[in-house]
Amino acid sequence: ADLSPRQIDRVVRHAHALKRVSLPWLGPQQRTSSARLRMPSQSLFNKSIALLFSKRSTRTRLSAETATLLLGGRALFLGSDDIQLGVNESVRDSARVIGGMCQGIFARVGDHSEIEELAKHSPVPVLNALSSLWHPTQILADLLTLYEHSHSFQKPVFPIVPSTAKPKPDELAVPPPLTIAYVGDSANVLHDMLVTYPRLGHSLRVASPEKYRAPAAVWNRVVELECDKKIWWGTDPKEAVRGADVVITDTWISMGQEAEKAQRLQDFQGYQVTEQLCREGGANPNWKFMHCLPRKSDEVDDEVFYGARSLVFPESDNRKWTIMALFDFLFGKWDLPNTYEPG
Ligand code: CP
Ligand code: NVA
């Protein structure tokens, strides 16, 4: 929500460019390989990035560590058992100390107010690696994945380059306006979808049980950004997937909600994403599936998750390139006005 549509588009395109530079032999839809990586920009050379993680992570942590390495820098993983933050030291003091030694902070926190407090007191940029309310870097990876697979939606595709320029064969294409369905819990991943996709021209259809509506802090932002006009929200999963080009879900039990597991499993009965649900609901026959991972079989069955429609592993690979693009712009080049162009 803090980036304009133009900035979002720029980050996604930069991620694609970094991926092409690092993996020049791969087609856009192939799995990334960890072998024979080439180095892109060295904007983090001699720079240290603090990874402040108070919750578990596989993809976000690996993306941040491997992306920092490729950009020539050093990532310092600081788990909540390692440092004084939150136990012997305030967020305010920790932000000033860490920001005095590192050139960027990537933080995964519990309550969203913690990252607001970090950003308020840090002398260096702070990026959200997931909070109770938002998961912005996930949606950037999802967008890159949709861009890369835009031809599979069998709709007219808009080139991302200005209409006067001729697109090169491997250039990214912005997907056509898509109908994106989300079936499941109103959690951090959905919240970033709500403030992002409508601003890029896509429609969102959401189904969640009545008592799992987006909190006011999120919905106020949705309305402020005029995203609500392109969002349909109901309780019927079949209605949500009507006409969907993409179907997305997330775990029903987010980190920190383990005590609510039994109640949530009961409340979300009928919300599992399956072929049958999407067929009966009238999804686009070519619909694709995405999930931020980690996944449980409650919210999506194996047939969909491991099937031909699933983009989940290209999506997880793209966490790395999109986080790399953000680190390059905001940690590597943020103090060089002629290389970072806001707006
Ligand atoms: N999608 C995602 O953020 O995964 P991790 O929790 O493993 O980082
Ligand atoms: N909603 C999930 C996302 C995990 C990447 C959680 O917060 O646990």
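Residues numbered from 1 in each chain as written. Chains lettered and ligands numbered in written order. Predicted model: local features only at pLDDT ≥ 70, side-chain atom pairs only at ≥ 80, totals over all residues.

Within an unreviewed UniProt entry, the label attached to the protein chain reads ornithine carbamoyltransferase, and the organism entered is Antrodiella citrinella. The annotation that UniProt attaches to the protein chain under Sequence similarities (unreviewed entry) is "Belongs to the aspartate/ornithine carbamoyltransferase superfamily. OTCase family." (UniProt positions renumbered as here; feature names shortened; annotations may be inferred.)

### Details of the packing of helix α2 (residues 59-70) against helix α12 (residues 312-332)
Running from N to C, α2 and α12 cross one another at 50°; their axes reach a closest spacing of 8 Å. As the angle between them shows, α2 and α12 are arranged oblique. Of the two elements, α2 crosses α12, and the hand of that crossing is right-handed. Two secondary-structure elements touch here, α2 through Arg59, Thr60, Ser63, Ala64, Thr66, Ala67, Thr68 and Leu70 and α12 through Ser316, Arg319, Lys320, Ile323, Met324 and Phe327. (Axes fitted to C-alpha atoms, helices over the stretch in contact; angles between N-to-C directions. Helix = DSSP H or I, 4+ residues; strand = E, 2+ residues; numbered from the N terminus. Parallel < 35°, antiparallel > 145°, perpendicular 65-115°, else oblique. Left-handed = near helix turned anticlockwise from the far one by under 90°. Contact = placed C-beta atoms within 7 Å.)

### As for the environment of asparagine 46
Mapped onto the fold, asparagine 46 is located in the loop between α1 (5-22) and β1 (48-53). Accessibility expressed as a C-beta count within 10 Å gives 9 for asparagine 46, which makes it exposed. With 263 residues separating them along the chain, asparagine 46 and arginine 309 place their C-alpha atoms 42 Å apart. (Buried ≥ 20, exposed ≤ 12 C-beta atoms within 10 Å, placed from the backbone.)

### Structural notes on the site of ligand 1
All residues in the neighbourhood of ligand 1 are listed as Ser57, Thr58, Arg59, Thr60, Leu130, Gln138, Cys292, Leu293 and Pro294. Mapping the shell around ligand 1 onto the domain boundaries places at least three of its residues in each of domain 1 (5-134 + 319-332) and domain 2 (150-310). (Near = placed C-beta within 6 Å. Domains from an automatic or database assignment.)

### A closer look at the domain arrangement of the protein chain
For the protein chain, the domain assignment lists domain 1 (5-134 + 319-332) and domain 2 (150-310). Listed by partner, the interface residues are 15 residues for domain 1 and 15 residues for domain 2. The greatest single-element share of the side of domain 1 that touches domain 2, amounting to five residues, is contributed by α1.

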